[in-house]
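Chain residues, written in single-letter form:
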Amino acid sequence: MTRHFLRDDDITPAEQAEILDLAVSLKADRWSQQPLEGPQTVAVIFDKSSTRTRVSFAVGIADLGGSPLIISTANSQLGGKETPADTARVLERQVAAIVWRTYAQAGLEEMAAGTRVPVVNALSDDFHPCQLLADLLTIKEHKGELAGLTLSFFGDGQSNMAHSYALAGAMAGMHVRVASPVDYAPREDIVADADRIAAATGGSITLMTDVNEAAAGADIIVTDTWVSMGKEEEKLARLRDLGAYKVTQELMSLADGEAIFIHCLPADRGYEVDADVIDGPQSVIWDEAENRLHAQKALLVWLLAKQGEAA
Ligand code: CP
Ligand code: NVA
């Protein structure tokens, strides 16, 4: 049965835990699974820039015995010249899975609806679910059990990262706080989905404007760029509006004494986070960046296994 991973809640909380456990075992024994032996090819398509996602998918697909085909939309027919649905029909006869970094979530949905191979969201304007698998793996490594932990996000609550923390954090039974100006609060429908999930897992999602309140006693402090890809024209307004949401050492001191700092990267030091925090002892950003590899390999192994199961 074909399963896609377009948003964090395209899997159940139990499936999220299963994928994270698989990631732990793949990290311990890197070449233990070879589902792409052949080699089979996985298409990895980019409409936006990338370092971590490009490298971790390319290396991960090779680790799994496969061959990555990295495609830039700038020099392919996708992106104005050919629809996602038609692209999917072409690719599915030759590749085992399609990974796509794009703008609109609707494009991913069209791609997935048009194909019988798994489609993975490698970041859209709305969500970054692969990053969340890596982040949860990192938190698990540093904190143990995810359920019951408090994760506080600061900054652009409408960013793909904030939305993914709301959904994936709620799925993991975490208490997610999103601190942002009211005009940058997360999308209402996504908060409603996170609320529904949290009611079943024992987690919660709380929107806040007061940074001190949001940081108080938190186990994980997190932020993201104030100017996501595609928002460059709003840069000046965003620097002005989000200035009070910077993660500083002073803010970190309000969190739990053992709190960790995470950031999906790339970071703008001095804007969303001060250098002494992101480069300081509580920061686990390099583990987080490495964990993209292990988490995405686990996701691919899991999706390919589902593909082999009867509907
Ligand atoms: N965090 C992340 O997705 O990084 P890249 O944009 O470099 O892929
Ligand atoms: N919110 C950021 C994440 C980058 C990995 C962006 O979309 O640009």
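All residue numbers refer to positions counted from 1 along the written sequence of the respective chain. Written order determines the labels here, with chains lettered from A and ligands numbered from 1. Given that the model is predicted, a residue must reach a pLDDT of at least 70 before its local features are reported, and side-chain atom pairs must reach 80 or more before they are shown or counted; all residues, however, enter totals for whole chains, interfaces and linings. Only hydrogens and water are set aside when side-chain values are computed; all heavy atoms of the structure are taken into account.

Caption draft 1: Representation of helix H1 (residues 13-28) in the model. Under the scheme used here, helices are H or I runs from DSSP no shorter than 4 residues and strands are E runs no shorter than 2 residues, and both carry numbers assigned from the N terminus. To estimate how far a helix should reach, multiply one less than its number of residues by 1.5 Å. With 16 residues, H1 should cover 22 Å at 1.5 Å per step; its first-to-last C-alpha distance of 23 Å lies within 8% of that length. For each residue, the accessible area found with a 1.4 Å probe, counting protein chains only, is set against the maximum for its type, and the residue is called buried under 20%, exposed over 50%, and partly exposed in between. Taken together, the buried positions of H1 are Glu15, Gln16, Ile19, Leu20, Leu22, Ala23 and Leu26. One side of H1 carries all its buried residues, which in axial view fall inside an arc of 160°. Those residues of H1 that are exposed and aimed more than 90 degrees away from the buried face are Ala14 and Ala28. As for H1, its buried residues are in contact with helix H5 (129-143), helix H6 (160-171) and helix H12 (285-308). Of all possible arcs, the one meant is that of the directions from the helix axis to the C-beta atoms. Should any heavy atoms of two residues lie within 4.5 Å, those residues are counted as being in contact.

Caption draft 2: Geometry of the site of ligand 1. Note on terminology: near, applied to a residue and a molecule or strand, indicates that one of the residue's heavy atoms is within 4 Å of it. Close to ligand 1 lie Ser50, Thr51, Arg52, Thr53, Arg101, His128, Gln131, Cys264, Leu265 and Arg292, which account for all nearby residues. As used in this structure description, the phrase polar contact means that two N or O atoms lie within 3.5 Å; if the pair is within protein, one of them must be able to donate a hydrogen and the other to accept it, and residues adjacent in sequence are counted only when both atoms belong to side chains. Within the side chain of Thr53, one N or O atom sits 2.6 Å away from an oxygen atom of ligand 1. A distance of 3.0 Å separates an oxygen atom of ligand 1 from a polar side-chain atom of Arg292. Working definition of accessibility: Shrake-Rupley area with a 1.4 Å probe, residue cover restricted to the visible protein chains. Within the complex, 96% of the 250 Å² of free accessible area of ligand 1 lies under protein. Lys, Arg, Asp and Glu make up the charged group, whereas Ala, Val, Leu, Ile, Met, Phe, Trp, Tyr, Cys and Pro make up the nonpolar group; the residues left over, Gly among them, are polar. Tallied by class, residues from the shell around ligand 1 come to two nonpolar, five polar and three charged.

Caption draft 3: Highlighting the layout of surface pockets. The computed volume of the largest pocket comes to approximately 400 Å³. Points on a 1 Å grid over protein atoms alone make up a cavity when a 1.4 Å probe fits among them but cannot get out, and a pocket when they form an open set with protein on both sides within 12 Å along at least five of seven lines; lining residues each have an atom within 4 Å of a point. Lining the largest pocket are 23 residues, with Arg101, Leu123, Met229, Leu265 and Pro266 sitting closest to its centre. Looking at the lining of the largest pocket, the elements with two or more residues in it are helix H2 (52-63) and H6. Classifying every residue of the lining of the largest pocket by side-chain character gives seven nonpolar, nine polar and seven charged. Grid points are joined across faces, edges and corners, and a volume is the space filled by probe spheres set on the points.

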